Amino acid sequence: MKLSRILCLAIFLMGSILPCFAHHMAVVVNKDNNVGEVASAHLAKILRLEVKKWHDGKDVILVLHRNSSGEMATLERLNKMSAGELKSFIATHQSSITTVESDEDVLKRVESTEGAIGLVDVRSINDQVNVVRVDGKLPMEAGYLPH
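All of the points below concern the structure found in this document. (Residues numbered from 1 in each chain as written. Predicted model: local features only at pLDDT ≥ 70, side-chain atom pairs only at ≥ 80, totals over all residues. Heavy atoms only, no water.)

## Overview of the overall build of the protein chain
Line of reasoning, step 1. Scanning the protein chain from terminus to terminus reveals 5 helices and 7 strands.
Line of reasoning, step 2. Taken from N to C terminus, the helices and strands of the protein chain fall in the order α-β-β-α-β-α-α-β-α-β-β-β.
Line of reasoning, step 3. Taken over 147 residues, the protein chain has a buried fraction of 37%.
Line of reasoning, step 4. Partitioning the contacts of the protein chain with sequence separation of at least 6, the portion at a separation of at least 24 is 69%.
Line of reasoning, step 5. With an accessible surface of roughly 8,700 Å², the protein chain has 56% of that area assigned to carbon and sulfur atoms. (Helix = DSSP H or I, 4+ residues; strand = E, 2+ residues; numbered from the N terminus. Buried < 20%, exposed > 50% of the residue type's maximum accessible area, 1.4 Å probe, protein only. Contact = heavy atoms within 4.5 Å. Areas by Shrake-Rupley, 256 points an atom, 1.4 Å probe, with all protein chains shown as cover.)

In structure tokens:
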């Protein structure tokens, strides 16, 4: 009896703690970009390079990490691609995608490049970029981005 209670408590605690380790990504754009909100379907088109211009005519500059498991998982789900398909897509479009090493590098590149858009962990957001609402939601709100 005691063993089953302890086991139930352990399972409950693990289930409560694991969501804390999930990567919550945020879509960020250059401060000069006045896009405040985007539909997830349109965001997927931007990330698949199907949309090449912002509504103000500026070129869309996609900034991605070279290696970010949270970003890759978000891109896979948002674009409905397998990991292999996404890696192949990125490799095929290297000339159209700026890749950097870290969230800090994404933020610096987005901050300094007109038309830039990137994904960063919510804990990295600073006031030098604008955070974009997705489907009317902000980061950490349920339904913001698939993760």
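Picking up after the structure, the text goes on.
## Here's the deal with the packing of helix 3 (residues 69-79) against helix 4 (residues 83-92)
Line of reasoning, step 1. Where helix 3 contacts helix 4, the axes come no closer than 10 Å and their chain directions differ by 100 degrees. Comparing the axis directions of helix 3 and helix 4 gives the class roughly perpendicular. Residues Met72, Leu75 and Glu76 of helix 3 form the contact with helix 4, whose participating residues are Ala83, Leu86, Lys87 and Ile90. (Axes fitted to C-alpha atoms, helices over the stretch in contact; angles between N-to-C directions. Parallel < 35°, antiparallel > 145°, perpendicular 65-115°, else oblique.)

## As for the side chain of His65
Line of reasoning, step 1. Relative to the elements of secondary structure, His65 occurs in strand 3 (residues 61-65).
Line of reasoning, step 2. For His65, a relative accessible area of 6% corresponds to the buried category.
Line of reasoning, step 3. Looking at His65, its side chain comes within polar contact range of the side chain of Glu71, at 2.8 Å.
Line of reasoning, step 4. Only 2.6 Å separates the side chain of His65 from the side chain of Asp103, close enough to count as a polar contact.
Line of reasoning, step 5. Excluding residues within four positions of it along the chain, His65 makes contact with Glu71, Val100, Glu101, Ser102, Asp103, Val106 and Leu119. (Polar contact = N/O pair within 3.5 Å; in protein donor to acceptor, adjacent residues only side chain to side chain.)

## Notes on the pairing of strand 1 (residues 25-30)
Line of reasoning, step 1. Among the 6 residues in strand 1, 6 count as buried, and that is most of the element.
Line of reasoning, step 2. Sheet analysis places strand 1 next to strand 5 (residues 116-121), joined by 5 bridges and oriented antiparallel. Of the residues in strand 5, the one forming a bridge with Ala26 is Val120.
Line of reasoning, step 3. Here strand 1 runs beside strand 6 (residues 129-131); their pairing, made up of 3 bridges, is antiparallel. Paired with Asn30 across the two strands is Val129, which belongs to strand 6. (Pairing = 2+ DSSP bridges.)

## Here's the deal with the sheet that holds strand 1
Line of reasoning, step 1. With mixed pairing, 5 strands are arranged side by side in an open sheet as 4-3-5-1-6. Each end of this open sheet is capped by a strand with a single partner; those strands are strand 4 (97-100) and strand 6. Strand-to-strand, the axes of this sheet are offset by a mean angle of 35 degrees, without reference to chain direction.
Line of reasoning, step 2. Relative to strand 3, helix 3 is tilted by about 125 degrees, and along the sheet it contacts strand 1, strand 3 and strand 5.
Line of reasoning, step 3. Sitting on the sheet, helix 5 (residues 103-112) is in contact with strand 1, strand 3, strand 4, strand 5 and strand 6, with an inclination near 155 degrees to strand 5.

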